[in-house]
Amino acid sequence: MKRFILILFWTFWFCGPALCQVGQEAQVFQHAVNVKAPGPDFLAVRSSLAGAAVVRSDFKQKKTLTVLKKPIVSAGNYIFSKDYGLYWNIGAPVDTSYVLTDSYMVERQKGFKQKVVTPDQQPAIFGLTEVFEAIFVGDLDRLSQDFAIHFVGSPSNWTIGLVPQRGLLKKMFKKVVLAGGQTVGEVKLYEANGDSTHLKFDNTTRRPPSLSAAEKKLFAR
Amino acid sequence: MLAKLGPKFRIPWLVALVLMAGFLVVRAVDGFPLETNILKLLPDTRTDPLTEQAYRQFEMATGRRVVFLAGDEAAAEKLYQGMTDSGLFSEISFRVDPERTRKIFELYRPHRHSLLSNEQRRFLTAGETEKLVQQAEKNLMSPVSIGSTAGLAQDPLFTFMEFLKSLQAEAGAFTVEGDLLVARHQDKEYILVVGELEDNAFSISAQERFDRFYREIRSQVQGVELHSAGVIHHAVAGTNSARHDISTIGIGSMAGLVLLMWVAFRSLRPLMISFVPVLFGFVAALAACVLVFGKVHLFTLVFGTSLVGVSIDYSFHFLAERLSAGEEWVPEAGLRHIFAGITLGLLTSLAAYLALAVAPFSGLRQIAVFSTVGLTGAYLTVVLWFPVWLRSPSLRYRPPTLRLARAVVKFWSSAKPKGQLLFFLLALVVLAVYVAFNLKADDNIRALQSSPREVVEQEDFVKEIVGSSSGTQFFVVRGGTEDEVLRRGEELASRLDIEVEEGRIKRYRSISRVLPSWQRQQEDYLLLRQEVLDPSSAVGRYLSDMGFEEEVVSGFRESYQPLEVSPLTVKELMASPLAELYSQLWIESEDGRSLASIVVLDGVTELEEMRLLAGSLDGVAFVSRADDVSALLQTYRRLSSWLVAGAYCTIFLLMLLRYRLRNALSVMIPPVGAGLAALALSAALGLTLNLFNTLALIIVLGVGIDYAIFFAEGSGDREVVMHAVLLSAVTTILSFGLLALSGTPVISSFGFVVFVGICVSLLLAPMVGGGPSVGKPPSL
């Protein structure tokens with residue numbers, strides 16, 4: 001059962017213009033990063049990703065599942081704020097949004113009662129949010145605690161490969177690939193069971209660097 | 001007659017005592033049959049045997065449960081070691097099976113076709129199948145459910161996943177991390193360790209060993225948070241406070257008594273001798289109680305010590321007589337002097353105590369048996385043996401206490417205006433009116449069983465994190481079959497969900513949260529079956545539109561071919577790791593024919609609402625132990641009040657047999673005045689009336705009437721009587737009036753009334769008699 005909950009969250013990876021290179025993905029896992037002595041390009045990407053206070057972006061998601069004959073496609077947008085957390089909105093084909101903060105998680109599906117989960121009720125979920133947000137803002141220092149990190153490319157066109165090192169992450173995922181330039185443009189999750197999820201991000205912006213009143217409202221319970 | 005009969009019974013009385021003492025020693029070999037649970041004083045309220053059994057079983061389980069929260073793993077490990085080494089626990093849950101989650105998953109997986117979350121069931125029964133489909137689509141697309149695709153081939157509709165999610169909400173604050181159960185509270189982590197005590201929490205030896213064990217552990221894990229809750233903590237605190245009372249009050253009263261004897265007799269021999277009848281009476285009373293009831297309750301003993309106050313009167317009258325006779329002391333003559341007084345005193349006391357036995361209440365009956373046997377034993381010892389033990393005259397000595405006694409007597413004989421009786425009677429009426437308007441009763445057991453703040457705070461803290469671990473408010477759901485119990489439990493749960501939503505209860509724990517009734521499983525299966533098998537239904541369209549592989553769809557449809565399912569049963573549940581949490585909520589009668597489940601409530605704000613709820617459902621009873629006990633205490637407080645009033649009236653009638661109306665009235669003034677004064681003072685100090693201080697009034701009556709009779713009967717020197725009464729009153733106050741200082745509310749409220757009552761009896765008694773002809777001719 002725990003697996004189910006942990007799994008519930010495995011998807012907050014995004015950011016940046018879509019500049020990913022297919023070729024880089026093939027090579028990236030041959031270039032492990034020594035976190036204690038990284039190269040200058042990696043350092044540049046790391047500091048560039050770590051800087052965003054607010055990120056807004058549209059996304060397209062394609063899930064390829066072994067039990068389905070065709071991939072499932074959906075699209076929406078997200079807002080990330082360092083202070084508030086993450087708002088993830090699937091516009092089509094199911095109108096559903098998620099709010100994830102330190103102190104609660106809300107699921108709103110059109111036509112359904114809103115569901116709120118607090119850390120008291122399901123602490124395991126919230127234990128993972130820290131990892132998610134680290135991936136999201138590109139906190140590569142934090143990620144190196146759970147993943148072996150690989151890197152190829154330049155600060156304007158890079159690919160990062162993550163291989164989970166322990167516990168449930170390792171049971172669930174074979175590998176995770178992020179690619180981008182200024183921001184994260186693409187995320188690919190490869191599950192241990194052969195399923196995969198491909199997220200592409202468009203119109204990614206860090207401006208304005210603070211949330212509007214309307215945006216703040218989205219984060220409320 | 002007395003001189004002839006007395007010697008004949010001396011030896012048989014001693015033989016009887018030796019036999020009783022022997023009996024007690026034999027019984028005490030396997031631990032003395034002492035009962036400390038205050039609730040055991042009360043009769044059982046429920047007549048329905050299964051509800052009673054359910055209650056007992058649940059109480060036993062929760063009563064033995066001790067919950068610990070440790071701040072880190074090392075501390076939890078030490079705690080676990082300590083628990084194992086202590087031998088106190090029959091079961092300890094610490095490291096959980098790392099396969100636990102998988103085992104729970106496996107418990108449900110074979111039954112997944114017939115399990116629905118409450119929400120999804122509502123969709124299906126309301127004909128909103130498309131909502132089920134929308135949820136499934138969301139699950140397929142949302143970032144938060146990718147991993148569930150692992151089970152997607154078996155659960156393409158996500159109904160099983162939704163069911164498991166709804167269970168997860170039930171699991172509470174704890175999550176399995178590695179092999180530990182961990183809760184987070186205010187940014188701190190706590191590891192859960194739960195123990196089941198081998199012994200009942202009210203076993204004194206278990207309490208001592210637990211106390212030692214817990215102190216030891218706390219010193220071992222210093223610096224790390226360690227919290228614990230359980231009935232045993234209350235029991236330990238209660239016993240410690242009783243022990244503290246006995247040692248401090250005991251030592252204080254012992255010292256006081258020795259001093260008193262020295263001042264009064266210049267010798268400790270009288271003290272020793274005067275306590276022999278008390279001791280003999282005590283042995284006889286204890287033996288009688290064990291013989292009749294099998295066990296002796298702690299409260300009986302407390303009440304029993306108060307007998308010291310009454311039975312020591314007999315000794316002191318004899319001693320005071322001896323002191324006043326000086327060189328001309330003839331024991332037989334001395335005994336004759338006091339015989340009428342102490343015999344009448346005994347009879348009135350017996351009448352008072354026997355009035356208690358009228359109540360259908362084991363606690364009161366025990367007290368009645370203990371008191372009558374104890375008093376009779378003490379009386380017999382004085383009458384039969386004192387003339388033998390105290391043959392020699394006492395020292396020539398005018399003790400200061402005698403001078404005090406003389407002064408008091410002088411005051412009363414000089415201050416004897418006409419209409420004194422009328423004045424006192426009026427004063428009694430005024431007191432009675434004051435008491436009637438000002439004294440409030442409070443029968444709440446929670447007020448009587450107050451534990452130290454630390455214990456209560458610990459319990460609240462643990463409760464906050466773990467949820468109610470020792471619920472005292474719950475429903476018992478009964479039925480003839482497993483399915484019936486589960487169905488009724490479901491009905492109750494659906495009503496309780498509303499109560500939770502509306503804030504009338506905080507939460508509840510019920511087996512129906514993790515195990516749907518067989519009927520519901522079958523219904524849910526058929527609901528799903530209809531949708532799954534019909535390709536044109538919303539579900540059918542979903543399965544084809546989403547592009548599920550053919551073999552997934554056909555496999556899924558295939559699994560819904562049978563018309564009936566074999567249900568998930570209680571037996572399977574109890575063989576899974578969930579048994580740990582739910583076995584105490586499921587009860588089967590000894591013959592296995594009737595079944596019940598317990599639904600525990602937490603944070604009930606409206607009790608009456610719960611009673612109404614139980615009343616409106618079949619086979620459901622609401623039990624609120626504390627409130628039931630409080631109601632019971634109230635019933636018996638009222639009953640005892642009537643018994644006390646009855647005892648006063650009975651004694652007044654007895655007095656009328658012996659005295660003229662006027663004198664009978666005046667003999668009644670000290671006990672009535674003492675009782676009313678004790679109540680009035682309690683009211684003035686804001687104390688409340690409860691069963692226990694009501695019972696204390698019986699003692700006040702017994703002692704007060706004794707003092708008054710001694711004065712009425714005192715054929716000789718009134719100073720001698722006053723001296724004896726003074727000594728026995730001071731002794732009584734020292735020996736158990738000091739219980740008013742006890743930290744245990746039950747005992748202190750008892751002690752306070754006795755203390756005030758004795759003081760007032762002592763002050764009022766000398767106004768009785770003193771005229772030339774008090775009684776009708778002696779008939780004894």
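## Let's talk about the overall build of chain A
- Counting its regular elements, chain A contains 7 helices and 11 strands.
- Every one of the 221 residues in chain A was classed for burial, and the buried ones make up 52%.
- Counting only contacts in chain A whose residues sit at least 6 apart along the sequence, the fraction spanning at least 24 positions is 55%.
- Counting every atom, chain A has about 9,400 Å² of accessible surface; 53% of that belongs to carbon and sulfur.

## Considering the pattern of salt bridges
Residue and element names in this part refer to chain B.
- Tallying each qualifying case throughout the model produces 25 salt bridges over all chains.
- Here Glu332 ties to Arg391 by a salt bridge, and the two come within 3.3 Å at their closest N and O atoms. One end of the pair, Glu332, is in helix H13 (residues 331–356); the other, Arg391, is in the loop between helix H14 (362–389) and helix H15 (400–414), with 59 residues separating them in the sequence.
- On the basis of relative accessible area, Arg391 is assigned to the partly exposed category, the value being 44%.
- Connected via shared salt-bridge partners are Glu499, Glu502, Arg504 and Glu609.

## What to know about the packing of helix H5 (residues 118–125) of chain B against helix H6 (residues 129–141) of chain B
Residues and elements named next belong to chain B.
- For the pair H5 and H6, the least separation of the axes is 6 Å and the interaxial angle reads 140 degrees. One way to sum up the angle between H5 and H6 is to call them oblique. Residues Glu119, Gln120, Phe123 and Leu124 of H5 form the contact with H6, whose own contacting residues are Thr129, Lys131, Leu132 and Gln135.
- For the contact of H5 with H6, the class distribution of residues is 3 nonpolar, 3 polar and 2 charged.

## So, helix H16 (residues 420–438) of chain B
All names here are of chain B.
- Its 19 residues place the ends of H16 27 Å apart at the C-alpha level, agreeing with the 27 Å of an ideal helix rising 1.5 Å per residue.
- Those residues of H16 that fall on the buried side of the exposure criterion are Gln420, Leu421, Phe424, Leu428 and Val435. An end-on view of H16 places all buried positions within 95 degrees of arc, on one side of the element. Set apart from the buried face of H16 by more than 90 degrees, the exposed residues are Leu422, Phe423, Leu426, Val430, Ala436 and Phe437.
- Buried-residue contacts for H16 involve H15, helix H27 (661–684) and helix H30 (745–764).

## Thoughts on the environment of Gly153 of chain A
All names here are of chain A.
- Inspection of the secondary structure assignment puts Gly153 in strand S7 (residues 147–154).
- Spatially, the C-alpha atoms of Gly153 and Gly181 are 9.5 Å apart, while their sequence positions differ by 28 residues.
- Once residues lying within four places of it in the same chain are set aside, the contact partners of Gly153 are Gln24, Asp41 and Trp158.

## Brief notes about the nonpolar core
- Membership of the largest hydrophobic core comes to 111 residues, with the highest contact counts inside it found for Tyr314, Met655 and Val667 of chain B.
- With 17 residues, the top contributor of residues to this core is helix H28 (residues 691–713) of chain B.
- Setting aside residues no more than four positions away along its own chain, Met655 of chain B makes contact with Thr348, Ala664, Val667, Met668, Ile705 and Ile709 of chain B.
- Formed by 63 residues, the second largest nonpolar core is a distinct cluster that contains Val176 and Leu189 of chain A together with Leu124 and Leu528 of chain B.

## Observations regarding the pairing of strand S4 (residues 96–100) of chain A
All names here are of chain A.
- The element S4 is extensively covered by neighbouring structure, given that 5 of its 5 residues are classed as buried.
- Here S4 shows no split at all, with Thr96, Tyr98 and Leu100 on one side and Ser97 and Val99 on the other all buried.
- As paired elements, strand S3 (residues 85–92) and S4 share 5 bridges and run antiparallel to each other. If you follow Trp88 over to S4, its bridge partner there is Tyr98.
- Linking two consecutive strands that pair antiparallel, namely S3 and S4, is a turn of 3 residues.
- Note that S4 and strand S5 (residues 105–109) share 5 bridges and pair antiparallel. Considered in S5, the bridge of Thr96 is made with Gln109.
- What sits between the antiparallel neighbours S4 and S5 is a turn of 4 residues.

## What about the side chain of Gln473 of chain B?
All names here are of chain B.
- Here Gln473 shows up in strand S9 (residues 473–479).
- Classification of Gln473 by relative accessible area gives buried; the value is 13%.
- Polar contacts involving the side chain of Gln473 include one to the side chain of Ser624, which spans 3.3 Å.

## Here's the deal with the environment of Thr205 of chain A
Residues and elements named next belong to chain A.
- Within the secondary structure, Thr205 is located in strand S11 (residues 196–205).
- As a C-alpha pair, Thr205 and Arg56 span 149 residues in sequence and 5.4 Å in three-dimensional space.
- With sequence-adjacent residues up to four places away left out, Thr205 is seen in contact with Val54, Val55 and Arg56.

## Some details on the sheet that holds S5 of chain A
Residue and element names in this part refer to chain A.
- Pairing is antiparallel in the open sheet, where 11 strands are placed in the order S6-S5-S4-S3-S2-S1-S11-S10-S9-S8-S7. Edge positions in the sheet fall to strand S6 (115–117) and S7, since each has one partner strand and no second. Neighbouring strand axes in the sheet, compared pairwise and without regard to direction, differ in orientation by 15 degrees on average.
- Pairing of strand S1 (residues 54–64) with strand S2 (residues 72–81), which is carried by 10 bridges, proceeds in the antiparallel orientation. Bridged to Lys60 within S2 is Ala75.
- Of the strands in this sheet, S7, strand S8 (157–164) and strand S10 (184–191) touch helix H3 (residues 40–50), which is tilted by about 105 degrees from S7.

## A closer look at a nonpolar patch on the surface
All names here are of chain B.
- Residues Val258, Trp262, Leu268 and Met272 make up a contiguous nonpolar surface patch of about 360 Å² in total accessible area.
- Looking at the element boundaries, Val258 is found in helix H9 (residues 231–265).
- The class of Val258 is partly exposed, set by a relative accessible area of 33%.

## Observations regarding the environment of Tyr104 of chain A
Residues and elements named next belong to chain A.
- Mapped onto the secondary structure, Tyr104 falls in the loop between S4 and S5.
- Residue classification places Tyr104 among the buried residues on the basis of a relative accessible area of 13%.
- The spatial distance from the C-alpha of Tyr104 to the C-alpha of Val116 is 6.7 Å, given a sequence separation of 12 residues.
- Within the local environment of Tyr104, its side chain forms a polar contact with the backbone oxygen of Phe219, the two atoms lying 2.6 Å apart.

## Considering the confidence of the model for chain B
Residues and elements named next belong to chain B.
- Averaged over every residue, the pLDDT of chain B is 82; residues scoring 70 or more account for 90%.
- Mean pLDDT values over the elements of chain B span from 69, in helix H17 (residues 445–448), up to 91, in helix H19 (residues 482–501).
- In the predicted assembly, ipTM is 0.83 and pTM is 0.69.

## Re unusual backbone geometry
Residue and element names in this part refer to chain A.
- Here the bond from Arg207 into Pro208 is cis, since omega is -10 degrees, no more than 30 degrees from zero.
- Along the polypeptide, Pro208 turns up in the loop between S11 and helix H7 (213–218).
- Even without glycine at this site, Asn203 takes up a positive phi of about 50 degrees.
- Considering the arrangement of structural elements, one finds Asn203 in strand S11.

Conventions we followed
- Residues numbered from 1 in each chain as written.
- Chains lettered and ligands numbered in written order.
- Predicted model: local features only at pLDDT ≥ 70, side-chain atom pairs only at ≥ 80, totals over all residues.
- Heavy atoms only, no water.
- Helix = DSSP H or I, 4+ residues; strand = E, 2+ residues; numbered from the N terminus.
- Buried < 20%, exposed > 50% of the residue type's maximum accessible area, 1.4 Å probe, protein only.
- Contact = heavy atoms within 4.5 Å.
- Areas by Shrake-Rupley, 256 points an atom, 1.4 Å probe, with all protein chains shown as cover.
- Salt bridge = Lys/Arg side-chain N within 4 Å of Asp/Glu carboxyl O.
- Axes fitted to C-alpha atoms, helices over the stretch in contact; angles between N-to-C directions.
- Parallel < 35°, antiparallel > 145°, perpendicular 65-115°, else oblique.
- Nonpolar A, V, L, I, M, F, W, Y, C, P; charged D, E, K, R; others polar.
- Expected span 1.5 Å × (residues − 1).
- Arc of directions from axis to C-beta.
- Core = buried A, V, L, I, M, F, W, Y, C linked by side-chain atoms within 4.5 Å.
- Pairing = 2+ DSSP bridges.
- Polar contact = N/O pair within 3.5 Å; in protein donor to acceptor, adjacent residues only side chain to side chain.
- Patch = residues over 30% accessible without salt bridge, like charges linked within 9 Å, V, L, I, M, F, W, Y side chains within 5 Å.
- pLDDT = per-residue confidence, 0-100.

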